[in-house]
Amino acid sequence: MPCHIPSTHRFPPAMGEALRDRRAATLLPRSCCSLQGITSSHAELAGCKMTLTPTPAASVAQAFFCLLLCVPWGSSCPPSCQCTERAGAKAVLCSSRHLEEIPKDIPKDAVFLKLDANSITRIPSNAFRHLSHLEELDLSRNAIEKIDRAAFKGVAAGLRTLDLSSNRIRSIPKEALLALNAKLRLANNPWHCECALQEVLWEARLDPDSVQDITCHTAPREEYVGKPLLQVLDAGVNFCSVRQRTTDVAMFITMFGWFAMVIVYVICYVRHNREDTCKHVDYLKSLPSTQGHAETTSTAL
């Protein structure tokens, strides 16, 4: 049964004009006209009606508070996106909107966020930090090249699915992904096969349906280019050991250089001392002859 509000009662100016202009409005169910109904959910508030016929003055204040409940405070949707409900949770759909960066005003209660098929090139630090309820994040089919180490800080605990497929990612800090419990999709990116990517493959939760599509676009050896990374690793290749060997060689060359410098210094030092020694010996050899000549002279006298 609909509630009734007298049209002659005074409302705040803005509301009074709106109610006078519209003799019927989409407002609240009967339960919202009582004080107990004020806690009704937004889903219950969607389809109620109110006609403007005389009722006691107390109903006016109750209806005013009910109207305030209908306003979606703090849950605005970005202008380039569409917000909807999916299985009782908020879904923010920003697909194919020509976005070049991640929107700043995504609702905090978003659970599903689709940013696929845009022109986003980077995921900065703390890009989703305020989205503590986020469970599914789709960033596929963008132009992402750089992902900061703290890109997913704040959502690591609750995120269940992260799609980064079909971008321009060549490498990624392992710290950005290994903190996640989400299932990852990394296929169809121009990956540079290296130790960091190998560690991600070993430790992260990759989607089994897309792991075969993680292909080496570049690699330390030409024979690995164009092959699925999983196939290369199954053949016994260890990119981390290659990096270790490279480090060992560099250290050996450095040590050899220092050793050669020490040898050269010692040789120069010995040669210089030898010359000084020879001069000193020659000087000493000249002393006895002078002393003998002096003795001969004194004897003759």
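In this report, the structure presented in the accompanying data block is examined. Keep in mind the model is a prediction, meaning the values are calculated, not measured. (Residues numbered from 1 in each chain as written. Predicted model: local features only at pLDDT ≥ 70, side-chain atom pairs only at ≥ 80, totals over all residues. Heavy atoms only, no water.)

**Concerning unusual backbone geometry**
The general pattern is negative phi for most residues beyond glycine and trans for most peptide bonds.
Okay, step 1: The backbone phi angle of Arg141 is positive, close to 55°, even though this residue is not glycine.
Okay, step 2: Structurally, the position occupied by Arg141 is in the loop between strand 8 (136-138) and strand 9 (146-147).
Okay, step 3: A positive phi angle is found at Asn188, which is not glycine, with a value near 60°. (Helix = DSSP H or I, 4+ residues; strand = E, 2+ residues; numbered from the N terminus.)

**Some words on the pairing of strand 4 (residues 82-86)**
Okay, step 1: Strand direction decides the pairing type here: strand 4 and strand 5 (residues 89-93), joined by five bridges, are antiparallel. Looking across to strand 5, one finds that Arg86 is bridged to Ala89.
Okay, step 2: The hairpin turn running from strand 4 into strand 5, its antiparallel successor, is two residues long, and Ala87 in that turn takes a positive phi close to 55°. (Pairing = 2+ DSSP bridges.)

**As for the pattern of salt bridges**
When charged atoms on two side chains of opposite charge get close, those side chains can pair.
Okay, step 1: Within the structure shown, the criterion is met by 13 salt bridges.
Okay, step 2: Ionic pairing is found between Lys114 and Asp116, a salt bridge with its closest N-O pair at 3.7 Å.
Okay, step 3: Judged by relative accessible area, Lys114 falls into the partly exposed class, the value being 27%.
Okay, step 4: A relative accessible area of 4% places Asp116 in the buried class.
Okay, step 5: Arg185 is paired through a salt bridge with Asp207; the nearest N and O atoms lie 3.1 Å apart. With a gap of 22 residues between them, Arg185 in strand 11 (residues 183-185) and Asp207 in the loop between helix 4 (195-203) and strand 13 (216-218) connect regions that are remote in the sequence.
Okay, step 6: What makes Arg185 partly exposed here is its relative accessible area of 28%.
Okay, step 7: Judged by relative accessible area, which is 7%, Asp207 ranks as buried.
Okay, step 8: Through salt bridges with shared partners, a single ionic network connects Lys114, Asp116, Asp138 and Arg141. (Salt bridge = Lys/Arg side-chain N within 4 Å of Asp/Glu carboxyl O. Buried < 20%, exposed > 50% of the residue type's maximum accessible area, 1.4 Å probe, protein only.)

**Details of the environment of His192**
Okay, step 1: Along the chain, the position of His192 falls in strand 12 (residues 191-192).
Okay, step 2: Classification of His192 as partly exposed rests on a relative accessible area of 23%.
Okay, step 3: Taking C-alpha positions, His192 is 9.0 Å from Val225, a pair spaced 33 residues apart along the chain.
Okay, step 4: Residues in contact with His192, not counting those within four places in the same chain, are Arg170, Leu197, Thr218, Ala219 and Pro220.
Okay, step 5: A distance of 2.7 Å separates the side chain of His192 from the side chain of Thr218, its partner in a polar contact. (Contact = heavy atoms within 4.5 Å. Polar contact = N/O pair within 3.5 Å; in protein donor to acceptor, adjacent residues only side chain to side chain.)

**Some words on the sheet that holds strand 5**
Okay, step 1: Read from one edge to the other, the open sheet built from six strands follows the order 4-5-6-8-10-11, with strand pairing classed as mixed. Unpaired on one side and paired on the other, strand 4 and strand 11 mark the two borders of the sheet. Across the sheet, the mean angle from the axis of one strand to that of its neighbour is 15°, orientation sign disregarded.
Okay, step 2: Here strand 5 runs beside strand 6 (residues 110-114); their pairing, made up of four bridges, is parallel. Each residue of the ladder has a partner; that of Ala91, found in strand 6, is Phe112. (Axes fitted to C-alpha atoms, helices over the stretch in contact; angles between N-to-C directions.)

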